Each structure stands twice: as C-alpha cells, then as structure tokens.
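A structural walkthrough
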Amino acid sequence: MPGSRDVFTWSKDKKCDIWRLSDGKLLDAWEWEPSLATAMTPDGKTVIACHHKDKNISVFDLASKKLLRQLAGHTGYVNALAVTQDGRFVVSGANDGTLKYWSLADGHLLRTLEGDIRPVTAVAITPDGKRVIAGMMDGTIKVWDLYHERRLRALEGHLYDVTAVAITPDGQQVVSA
C-alpha cells in the first residue's frame with residue numbers, strides 16, 4: 001500500500017508502478033490494460049482508471065491488485081478522473097461531453113452533468129466537494145455546481161485543449177494548462 005511519500009503511475013504501456021519519492025525506488029509493479037487517466041483515494045487503498053479498450057472506469061483494490069468493479073455509463077472514452085477528498089466519490093469526464101459522479105462504495109452513478117458537446121479533457125473537485133472544474137477540448141474551463149447539477153460559469157483564455165486543472169487547497173483558485 002503506498003504511503004504519503006509514494007507515487008502511483010499507470011501508463012499506456014500497461015505498467016502500473018508504485019515509486020518511493022525519497023530515493024526513486026520501484027516498490028511494486030504489475031500490468032493491466034493501458035490507462036488514459038488514473039486517480040487514487042486519499043487513503044491510498046483504491047485506484048481508479050479508465051482504459052483504451054472501452055468506455056468504462058475500473059476500480060481496483062491496490063493491496064490485492066484486484067478489480068472491485070466497473071463503472072459504465074459514458075458513451076465516449078473517459079479522459080479524466082478526480083476523487084473527492086473524503087475518498088467516497090469519483091468524477092469522470094469523457095469525450096461525450098459529460099461529467100459523471102459515482103459512488104466508489106457501490107459503483108452507483110449518482111449524477112450526470114451535461115450540456116456541452118465538447119469533450120472533457122481534465123477534471124478536478126473543490127475541497128468541499130460542491131463544485132467540479134472541467135477542462136474542455138475547446139480551451140474553456142467549466143465550473144459546475146455538483147449538487148444542483150448546473151453550470152455556474154465558463155472560463156475562457158486557452159487557445160487549445162485544457163490538459164490539466166488543479167484547485168488551490170482553499171478552493172478559491174483554479175490553475176490550468
């Protein structure tokens with residue numbers, strides 16, 4: 001199980017690795033389907049990944065490396081994942097332009113945020129779990145109210161795809177690339 005000083009990586013070459021940051025030592029490795037995006041629960045026990053082969057999301061127990069469940073519901077390939085700070089939920093963003101909010105405990109789809117036809121390329125959740133920030137292929141960033149399922153605003157400024165979004169710990173600022 002990774003500690004707070006370890007890094008988990010998963011790539012298109014099917015490699016899943018856990019690295020110790022202090023010395024760069026590879027602690028564990030295995031192979032699974034290539035991953036487009038990966039997220040981990042804050043406790044380091046669960047890894048979530050989306051794959052090239054289908055439009056589903058896989059939820060794994062990291063200690064046993066066993067597949068716990070598949071989350072199915074997107075009609076386009078999933079490009080981005082973010083886990084809530086409490087580790088109970090995951091948000092996925094896909095080529096179908098939707099954001100989906102899932103329970104990690106049972107795999108139930110709880111909400112779908114839609115209204116955009118452009119692919120979602122990056123996603124983050126505010127620390128309070130109330131808003132979702134979505135980077136879009138058209139260069140915009142969409143801010144969503146998760147509980148009322150409505151878009152609050154669009155942030156413009158990028159000329160090309162938004163490939164990453166991050167939120168400051170106080171939830172007041174967004175950094176994008």
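Structural notes, computed from the coordinates. All values derive from a computational prediction rather than experimental measurement.

Hydrogen bonds between backbone groups are what pair the strands of a sheet, and the pairing can be parallel or antiparallel. The sheet built from 4 strands is open, its strands ordered β12-β13-β14-β15 with antiparallel pairing. Two strands bound the open sheet, and with one partner strand each, they are β12 (120–125) and β15 (150–155). Going from strand to strand, the sheet's axes swing by 25° on average, the running direction of each strand aside.

Within this model, the largest pocket holds a volume of roughly 340 Å³. Together, 16 residues line the largest pocket, and A39, M40, T41, P42 and V83 are the ones closest to its centre. Elements with a contribution of two residues or more to the lining of the largest pocket: β4 (35–40), β8 (78–83) and β12. Tallied by class, the residues present in the lining of the largest pocket amount to 9 nonpolar, 6 polar and 1 charged.

This part takes up unusual backbone geometry. With phi around 75°, K14 is a residue other than glycine that occupies positive phi space. On the basis of relative accessible area, K14 is assigned to the partly exposed category, the value being 36%.

Before going further, it helps to examine the side chain of R111. One can find R111 in strand β11 (residues 109–113). Each residue touching R111, except ones within four places of it in the same chain, is listed here: L99, K100, Y101, L146, Y147 and E149.

One pass over the full model with this rule turns up 5 aromatic pairs. Put simply, the rings of F8, W10, W30, W32 and F60 touch in pairs and so form one group of aromatic residues. Note that K55 overlies the ring of Y77, its terminal NZ or CZ placed 5.3 Å from the centroid.

Here the focus is the nonpolar core. In this structure, V91, L99, V123 and V132 are the most contacted members of the largest nonpolar core, which totals 15 residues. When residues of this core are traced back to their parent elements, those giving at least two are β8, β9 (89–94), β10 (99–103), β12 and β13 (131–136). Setting aside chain neighbours within four positions, we find V132 in contact with V91, L99, V123, A124, K142, V143, W144 and L146. In this structure, A37, V78, A94 and L104 belong to the second largest nonpolar core, which totals 14 residues.

Before going further, it helps to examine the environment of Q172. Residue position: Q172 is located in the loop between β16 (165–167) and β17 (174–176). We classify Q172 as exposed; its relative accessible area is 59%. Put simply, Q172 and P127 are 45 residues apart on the chain and 9.6 Å apart in space, counted from C-alpha to C-alpha.

The next thing to look at is the sheet that holds β8. If you trace the 4 strands from one edge of the open sheet to the other, you get β8-β9-β10-β11, paired in antiparallel fashion. Single-partner strands in this sheet number two, and they are β8 and β11. Within this sheet the neighbouring strands show an average axis-to-axis angle of 20°, counted without direction. The pairing of β8 with β9 spans 5 bridges and is classified as antiparallel. Bridge pairing in β9 links V83 to V90.

Turning to the pattern of salt bridges, a few remarks are in order. Counted under the stated rule, the structure contains 5 salt bridges. Among the ionic pairs, R111 bridges to E149, the shortest N-O distance being 3.8 Å. One end of the pair, R111, is in strand β11; the other, E149, is in the loop between β14 (141–145) and β15, with 38 residues separating them in the sequence. Here R118 ties to D138 by a salt bridge, and the two come within 2.3 Å at their closest N and O atoms. Residue R118 is located in the loop between β11 and β12, and its partner D138 is located in the loop between β13 and β14; the two are separated by 20 residues in the primary sequence. Among the residues examined, R118 registers a relative accessible area of 31% and is labelled partly exposed. Its relative accessible area of 30% is what places D138 among the partly exposed residues.

Cut-offs applied
Residues numbered from 1 in each chain as written. Predicted model: local features only at pLDDT ≥ 70, side-chain atom pairs only at ≥ 80, totals over all residues. Heavy atoms only, no water. Pairing = 2+ DSSP bridges. Helix = DSSP H or I, 4+ residues; strand = E, 2+ residues; numbered from the N terminus. Axes fitted to C-alpha atoms, helices over the stretch in contact; angles between N-to-C directions. 1 Å grid on protein atoms, 1.4 Å probe; cavity = no way out; pocket = protein on both sides within 12 Å on 5 of 7 lines; lining within 4 Å. Points joined across faces, edges and corners; volume = space filled by probe spheres on them. Nonpolar A, V, L, I, M, F, W, Y, C, P; charged D, E, K, R; others polar. Buried < 20%, exposed > 50% of the residue type's maximum accessible area, 1.4 Å probe, protein only. Contact = heavy atoms within 4.5 Å. Phe/Tyr/Trp six-rings, centres within 6.5 Å; stacked < 30°, edge-to-face > 60°. Lys NZ or Arg CZ within 6 Å of the ring centre and 35° of its normal. Core = buried A, V, L, I, M, F, W, Y, C linked by side-chain atoms within 4.5 Å. Salt bridge = Lys/Arg side-chain N within 4 Å of Asp/Glu carboxyl O.

Read these as spatial facts, not as claims about activity.
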